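Structural description and commentary
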Amino acid sequence: MASSSLVFRLHDRGPELVRKVLLERGWKEYDRGEQEEEDWNLYWRASAFRSSDYHNLLPWQRLNHHPKTVGITRKDCLVRNLRRMRATFGSSLYHFSPAAFILPNDHTRFLSEYTRRRQTGGWSAYWICKPVDLSQGRGIFIFEDYKDLIYDSSVVIQRYISNPLLISGYKFDLRIYVCVKNFHPLTIYMHQEGLVRFATDKYNLSSLDNLYAHLTNTSINKLGPFYTTNKERVGQGCKWAMNKFRCFLRSQGINELLLWQKINNIVTLTLLSIAPSVPSSPNCVELFGFDVLIDSKFKPWLLEVNSSPALTLDCQVDVAVKKGLISDLIDLMNYRSIDSLRERAYRKQLPRYHASQASRFSTPVATFKELKSQKTSGSRSSQTPTQKSVSARLVVPAQVKRLVVDKSPSITRDSETIFRNVTSINRPRVVQVQIQIQHRTGEMKKE
C-alpha cells in the first residue's frame, strides 16, 4: 500500500541539499526495492529527462525540468536564439547580451568583427572564449590578439565586458535564481535572494591569464591563493548574499530600482525566446541560474543561463541562500495533502479526474498503470492549435500580466507600468511575473 507521506526520487543520489530540505519537511525518499516504479511525487535530476518521462507523468507527480529548454541553457543555443530575437525585434530590445560568435561556423563573421574592433581600438577589443559543452569555468580563457585564439572543439567567442563594476577593485557577477512554473502561459518566479560571486584577485586587464581576477566561478576561485584572505570590503571567501549587495547599492547612491527593473526585463525577454517551442508541461517546474554582469555604467549584461544551478554548500552564504531557495521551490509545486496518497487518491477521485481529462481519454481508467499506458500513446499528438499559433506568432515587447512582489523596495512599478505590483504572497522571497501571450499578430493582451 502507498505511503501517506510525499515521496521524492533523486537521480544518482543527489543533490544532498534537496534531500535534506525534503526530509526536514516530512517527505520520504523513494526506495526502488520497496516501492513501485511510479510511486513517487517528485523526481529530481541534474540532467534532462527523456521524452517518455514527460509522456508518462501521472497526476500526483512533478519533474524538476521542462522539456526543450536547452535553447537557453547551452551556450551556443542561447547565442542563436538571442541573435534570432534581435534580428526579428531589433537590437534596441535585445541589447543585453554581448556580441557573440559560434566557432568554427561563425569564424568569418568573427574575424570581420575582430578586425573592425581592432581598428577602432579601445576597451571593446577583448574577447572571452567558452567551450559550449563545459561548465564551472572549465576551458575558458580571455584574449586580445587573434593569434592567441586556439580551440579544438565548438566554442562561443563573446565580447569581453572589460569595464565591469568593481567592489574595492574586485570583479563580481550576480547569480539570479529564476523558476519557470509554466510556459503556457509563461509564468516566471524570481527569487529575491541570490548570490554575488566575486573573483578573488583584483581586476587587472594587463594579466588576462589570471583567472582568479577575471572569472567569478566558485569552483575556480575557491582554489585561489586569496580565497580565505579577508579581502577589502569583500571579506573572506568569494560570495555575498543578494541582500548585502542591495545594501552596497544603497550606500553608493545607485538607482537600485532601475537596475532590478532592467534585470527583470533580461530574464523575461530571454525566456520569451524559447517559450513558443517548449511543450506545455503543467506538472513540471524548472530552476534556472541567470548569470548577470553589471558594467561600470550600471548596465546589466546576460552572460549565460544555467540549467540545474549548483546546489552545493561551499560556505555559510550558500546555506543561507540555497536552503530557502529549495524550500520555496517546493512550495511553488503546489502539492496537496491528497497527492501523498498517490494511487489510492487517484482511485477515489477517478470520476472527477476523468471528466477533466475527457478531451484526452475517452474511456474510464482503472489503474494508474493503464493511465500511464494511455498517456504514452496519446501525448505525442497533444499539442493544441493554440500552442502552434503561439509558436508562429510570438510578439514582443511583452506586456506583463501580473507581478507579485514582497514589501521590500527592491522592485517596484516602472513609469510605463510594464511591471505591476499586485499583492504579497506567503513566501516573500519570491517574485512572480506571469505573461499572457496572445495569438493575433501584433498583439499582447495586458490584464
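Residues numbered from 1 in each chain as written. Predicted model: local features only at pLDDT ≥ 70, side-chain atom pairs only at ≥ 80, totals over all residues. Heavy atoms only, no water.

1. Quick word on the overall build of the protein
When helices and strands are counted, the protein shows 14 helices and 17 strands. Counting only residues that meet the buried cut, the protein has 55% of its 447 residues in that class. In the protein, the proportion of contacts linking residues at least 24 apart, taken out of those at least 6 apart, comes to 67%. (Helix = DSSP H or I, 4+ residues; strand = E, 2+ residues; numbered from the N terminus. Buried < 20%, exposed > 50% of the residue type's maximum accessible area, 1.4 Å probe, protein only. Contact = heavy atoms within 4.5 Å.)

2. Let's talk about the nonpolar core
Core analysis: the biggest nonpolar cluster contains 47 residues, and Leu 174, Ile 176, Val 178, Phe 198, Phe 245, Leu 271 and Phe 290 have the highest contact counts within it. Contributing elements (two or more residues each) for this core: helix H4 (75-89), strand S10 (170-183), strand S11 (186-191), strand S12 (195-198), helix H8 (242-251), helix H9 (256-272), strand S14 (286-294) and strand S15 (300-307). Among the elements that line this core, the one with the most residues is H9, at eight residues. The residues contacting Leu 271, other than those within four sequence positions of it, are Ile 72, Val 178, Val 180, Phe 183, Leu 186, Ile 188, Phe 288 and Phe 290. (Core = buried A, V, L, I, M, F, W, Y, C linked by side-chain atoms within 4.5 Å.)

3. Quick word on helix H5 (residues 107-120)
Compared with an ideal rise of 1.5 Å per residue, which puts 14 residues at 20 Å, H5 spans 20 Å between its outermost C-alpha atoms and is within 8% of the ideal. Among the residues making up H5, those that are buried are Phe 110, Glu 113, Tyr 114 and Arg 117. Taken end-on, H5 shows its buried residues confined to a sector of 105°, consistent with a single buried face. Pointing more than 90 degrees away from the buried face of H5 are the exposed residues Thr 108 and Gln 119. Structurally, H5 contributes buried residues whose contacts are with strand S5 (100-103), strand S6 (127-131), strand S7 (141-143) and strand S8 (155-159). (Expected span 1.5 Å × (residues − 1). Arc of directions from axis to C-beta.)

4. Topic: the side chain of Asp 173
Among the secondary structure elements, Asp 173 is positioned in strand S10. According to the relative accessible area criterion, Asp 173 is buried, its value standing at 3%. A polar contact of 2.9 Å, which involves the side chain of Asp 173, links it to the side chain of Arg 197. At 2.8 Å, the side chain of Asp 173 forms a polar contact with the side chain of Thr 216. If we ignore the near neighbours within four places in the chain, the residues touching Asp 173 are Leu 195, Val 196, Arg 197, Thr 216, Asp 291, Val 292, Leu 293 and Leu 303. (Polar contact = N/O pair within 3.5 Å; in protein donor to acceptor, adjacent residues only side chain to side chain.)

5. Focus: the confidence of the model for the protein
Low-confidence regions, as indicated by low pLDDT, have predicted coordinates that should not be scrutinised in detail. The pLDDT averaged across the protein works out to 80; a share of 75% of its residues lies at or above 70. Below pLDDT 50 for its whole length, residues 357-431 participates in 161 contacts with residues either more than four positions away or in separate chains. (pLDDT = per-residue confidence, 0-100.)

6. Here we look at the packing of aromatic side chains
Within this structure, the stated rule accounts for 18 aromatic pairs. Aromatic side chains Phe 110 and Phe 143 sit 6.4 Å apart centroid to centroid with 75° between the ring planes, which places their arrangement in the edge-to-face category. With Phe 110 in helix H5 and Phe 143 in strand S7, this pair connects stretches of sequence that are 33 residues apart. A relative accessible area of 0% means that Phe 110 is categorised as buried. (Phe/Tyr/Trp six-rings, centres within 6.5 Å; stacked < 30°, edge-to-face > 60°.)

7. Here's the deal with unusual backbone geometry
The omega torsion of the bond from Leu 103 to Pro 104 falls at 15°, within 30 degrees of zero and hence cis. Residue placement: Pro 104 occurs in the loop between S5 and H5. Omega for the bond connecting His 184 with Pro 185 falls within 30 degrees of zero, at 0°, which places this linkage in the cis form. Take Pro 185: it is sitting in the loop between S10 and S11. Positive phi, close to 65°, is recorded for Arg 233, a residue that is not glycine. Locating Arg 233 in the fold gives a position in the loop between helix H7 (218-221) and strand S13 (239-241). Residue class for Arg 233 comes out partly exposed when judged on its relative accessible area of 46%. The phi angle at Ser 308 is positive, at roughly 50°, despite the residue not being glycine. Tracing the backbone through its elements, the reader meets Ser 308 in the loop between S15 and helix H10 (316-332).

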